[in-house]
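For reference, the chains in residue letters:
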Amino acid sequence: MRRIKNTRINRMKKRVLCLALAGLMAATLPACGGDTGDTAEPTTSRAPIDKRKTARNLVKQAEEGAVSDDGESAKLGDYTTDAAAPKEGQAADMKEIDHFQTKLSSKNELLKVEVDSPVRIPESNAYPILSVSRGSIDDTILKKTKEALLGDAQLYDGVRLYSTYVENTLAKGETPDPANDYSGQVPYAEITKYPVSTELFRVKDKEKDYADVGNYSDYYMSLMPDGELFYGVTDGKDGTFANLSVTGSKQYGSSLKFFRSKDYNVNNGLVLPGVNIYGWPVDQGLDYIYNEQKNPQPPVGTPMKMQQETMADGEVMWSGDGTVDPNFTGFSVKESTKETNHLTKEEALRQAEELLTKVGLTGEYAPALVQEEYFTDVEQLNDGKDAAGKYGYEFLAGKAWHIVFQRSVNGNMLEDYGEKYTYKGGKQVWFGEGIEVYVNDNGIVGFAVSDPLKVEETVVEDGKLLDLEEIKKIYEKSQLESLNNSTMFDSILNVTEEEAKVTEHPAYTIRIEDISLRYARVTEQSEFERGLLVPVWSFSGTCHDETGKLVTEGSFLQINAVDGSVYNAEIGN
């Protein structure tokens, strides 16, 4: 019997950034080994160019060229073009230089890869290697953001505000999850009793001030006691709900979030990067959010048939057998009449770039995605229960332009392929850098800055990169093994043909449709918060099951363009 503590349905809390020129980054698959901890040697497969992976060796190879296992110099490629150096804050145009076709198949026939893709490089005159460290978001950025987006509006203490789920549950006359402590928190109507100044505070320093807030010690103090926090909300009296938060800690890095809506208040997810809403391209249709045939990863699952059970220690559990709740009638989506979008793409981009200028984030970032999207808060479901207990899930979706900015390294875009984890002295996560802006008829309605990097120096002015033919060979040797070691395709190559028949193991076909030269952050195994920005080859596309259904999409392999090693997205190396 399956048991779950929370009565709420399972929801995707982290929205993966849909990045990049081909629009293929909806779900990145790390080409990684099983252990994502900070080990002496990463567990990824390595190409036979140079298995040493310290920054010193990587910088040396970028300066002099890679060396193969037999000590001979590896063949280098020239990817520079006649284009002038791109201006700061601009991305270089992409140029097709080749077309790669190949087919790969596992022995058990469960995993096939079909490559039929142009090979593209940026119009760039050099590929520098930059030394970077983990930056932070301080009071200056916080105050500039508040002034730019909220002017002189008074903010109130979001730490004391009921979560959206609790507020909605109480409004319906229902009881929130009894396993959680909601003492010291108040509904939106009472938040004006708690004005706050716009500045970060150390979480540990406020423990006594929040002694009456039940979840402060359980959540904030346990999550990041030595970290910094700000969480402010508006009073909503003008019919608009807005919130602004910043977190900064050794464990989770820095994240700024802003959201404003005329429909509903959205509580900020603290340490996860990005605006805490769910969005998808308008051209995929309103029903994409729940249509499993269209959407390989719907944020909300069909509710199970549940029954309450009280354990011996008095804890309330909910159990179910996985069958669909017979009272559930289905999904629907309603388009907002308040969060509308009649702006042109150009006007939306102008407003987003103007915001970055006001906040002081200019010169280093270029727009990697400008896309019209629907957006919704998956906590704001209308379950529509009737007297007989029948109900369905209705989403309220607004419209906005979603603009993603990424760091430009001499016109080359830095991609967010994953984040580095370590468990030495406690869990730490280094999320990828990125900036998101949502713009519609109401102005800037969403803004997020995630883990900004601090550039220390340019360690190599123009890195020497491996010849494309070398990269192709490495790809053909590495793709299946890397997928075998990934989370989604865990040990798929080890399933025997007999086991596959008995268990009816699903088979997958991956189609690589975009091969591009990008940049990624490579970090030392022995040092967590420093790294290098280096060129990588990204192999992106879609994955389908045997019925042809889309299962996932994204970048299925990244190869370091300097030394030919397979990039490990989970440990940033």
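Per chain, residues are indexed from 1 in the order of the written sequence. Reporting in this predicted model follows two pLDDT cut-offs: at least 70 for local features of residues, and 80 or more for side-chain atom pairs to be given and counted; totals over whole chains, interfaces and linings ignore these cut-offs and use all residues. Here the side-chain values reflect all heavy atoms present in the structure, with hydrogen atoms and water set aside.

Regarding the overall build of the protein
Step number 1: Each helix corresponds to a stretch of at least 4 residues labelled H or I by DSSP, and each strand to a stretch of at least 2 residues labelled E; elements are numbered beginning at the N terminus. Scanning the protein for helices and strands turns up 7 helices and 27 strands.
Step number 2: Here, residues are in contact when the closest pair of their heavy atoms is within 4.5 Å. Sequence-distant contacts, at least 24 apart, represent 73% of the contacts inside the protein between residues at least 6 apart.
Step number 3: Residue exposure ignores everything except the shown protein chains as possible cover, and the areas themselves are Shrake-Rupley values with a 1.4 Å probe. About 24,900 Å² of surface is accessible on the protein, with carbon and sulfur atoms providing 45% of the total.

Here we look at the nonpolar core
Step number 1: The set of buried Ala, Val, Leu, Ile, Met, Phe, Trp, Tyr and Cys residues whose side-chain atoms join them within 4.5 Å is what this entry labels a nonpolar core. Note on exposure labels: buried denotes an accessible area under 20% of the residue type's maximum, exposed denotes more than 50%, and partly exposed covers the range between, all computed with a 1.4 Å probe on protein chains only. If you look at the biggest cluster of nonpolar residues, it comprises 59 residues, and the most contacted ones within it are Val113, Tyr475, Ile510, Ile512, Trp537 and Phe539.
Step number 2: In this view, Tyr475 contacts Phe100, Leu104, Val113, Val115, Ile512, Phe539, Leu557 and Ile559; residues no more than four positions away in its chain are not counted.

With respect to helix H6 (residues 468–484)
Step number 1: The end-to-end C-alpha separation of H6 is 24 Å, in line with the 24 Å expected for 17 residues at 1.5 Å each.
Step number 2: The reported bend at a residue is simply the angle between two axes, fitted to the 7 residues ending at it and to the 7 residues beginning with it. Where H6 bends most, the angle comes to about 40 degrees, and this point is Ser478.
Step number 3: For H6, the set of buried residues is Leu468, Ile471, Lys472, Ile474, Tyr475, Ser478, Gln479, Leu480, Ser482, Leu483 and Asn484.
Step number 4: Its buried side turned inward, H6 meets strand S3 (94–105), strand S4 (111–122), strand S24 (465–466), strand S25 (508–523), strand S26 (530–545) and strand S27 (550–560).
Step number 5: Its side-chain oxygen placed 3.0 Å from the backbone nitrogen of Glu469, Asp467 serves as the N-cap of H6. Helix span, as expected, comes to 1.5 Å for every residue beyond the first. Two N or O atoms form a polar contact when they lie within 3.5 Å of each other; inside protein one atom must be a possible hydrogen donor and the other a possible acceptor, and for residues adjacent in sequence the pair counts only when both atoms belong to side chains.

A word on the packing of helix H2 (residues 139–150) against helix H5 (residues 345–359)
Step number 1: Helix axes are fitted to C-alpha atoms over the stretch in contact, other axes to C-alpha atoms as well, and angles between N-to-C directions run from 0 to 180 degrees. As a packed pair, H2 and H5 sit with axes 8 Å apart at the nearest point and diverge in direction by 135 degrees. Taken together, the axes of H2 and H5 are oblique relative to one another. Crossing hand, H2 versus H5: right-handed. Contacts between H2 and H5 involve Ile141, Lys144, Thr145, Ala148 and Leu149 from the first element and Leu355, Lys358 and Val359 from the second.
Step number 2: Basically, the charged four are Asp, Glu, Lys and Arg, the nonpolar ten are Ala, Val, Leu, Ile, Met, Phe, Trp, Tyr, Cys and Pro, and anything else, Gly included, counts as polar. Of the residues in the contact of H2 with H5, the class split is 5 nonpolar, 1 polar and 2 charged. Orientation is classified from the angle alone, with under 35 degrees giving roughly parallel, over 145 giving roughly antiparallel, 65 to 115 giving roughly perpendicular, and any other angle giving oblique. Crossing chirality is assigned from the near helix's rotation relative to the far helix, an anticlockwise turn below a right angle marking it left-handed and a clockwise turn marking it right-handed.

Some words on the confidence of the model for the protein
Step number 1: Known as pLDDT, the predictor's confidence for each residue is given on a scale from 0 to 100. Scored by pLDDT, the protein comes out at a mean of 84, with 88% of its residues at no less than 70.
Step number 2: When pLDDT is averaged over each helix and strand of the protein, the minimum, 24, is found for strand S1 (residues 2–4) and the maximum, 98, for H2.
Step number 3: In the predicted structure, residues 1–52 sits below a pLDDT of 50 and forms 184 contacts with residues beyond four places in sequence or in another chain.

What to know about the pattern of salt bridges
Step number 1: Any Lys or Arg side-chain nitrogen found within 4 Å of a carboxyl oxygen on Asp or Glu counts as a salt bridge. Following the criterion strictly, the structure yields 22 salt bridges and no others.
Step number 2: With its nearest N and O atoms 2.9 Å apart, the salt bridge here joins Arg120 to Asp514. Separated by 394 residues along the polypeptide, Arg120 in strand S4 and Asp514 in strand S25 bring together distant segments of the chain.
Step number 3: In this structure Arg120 comes out as buried when scored by relative accessible area, which is 18%.
Step number 4: Note on Asp514: relative accessible area 5%, which makes it buried.
Step number 5: Linked through salt bridges whose partners overlap, the residues forming this network are Arg202, Lys204, Asp205 and Asp226.

Focus: the environment of Gln479
Step number 1: Looking at where Gln479 falls in the secondary structure, it is placed in helix H6.
Step number 2: Take Gln479: its relative accessible area is 0%, and that puts it in the buried class.
Step number 3: Between the C-alpha atoms of Gln479 and Ile559, which are 80 residues apart in sequence, the distance is 10.0 Å.
Step number 4: A polar atom in the side chain of Gln479 sits 2.9 Å from the side chain of Tyr475.

Details of helix H1 (residues 55–64)
Step number 1: Within the span of H1, buried status applies to Asn57, Leu58, Val59, Gln61 and Ala62.
Step number 2: Of the surrounding elements, those touching the buried residues of H1 are strand S5 (129–134), strand S23 (453–460), S25, S26 and S27.

Focus on unusual backbone geometry
Step number 1: At Asn410, a residue that is not glycine, the phi angle is positive and equals roughly 55 degrees.
Step number 2: With respect to the helices, strands and loops of the structure, Asn410 is situated in the loop between strand S17 (391–409) and strand S18 (412–413).
Step number 3: A positive phi angle is found at Ser491, which is not glycine, with a value near 60 degrees.
Step number 4: For Ser491, the location among the structural elements is in the loop between H6 and helix H7 (497–503).

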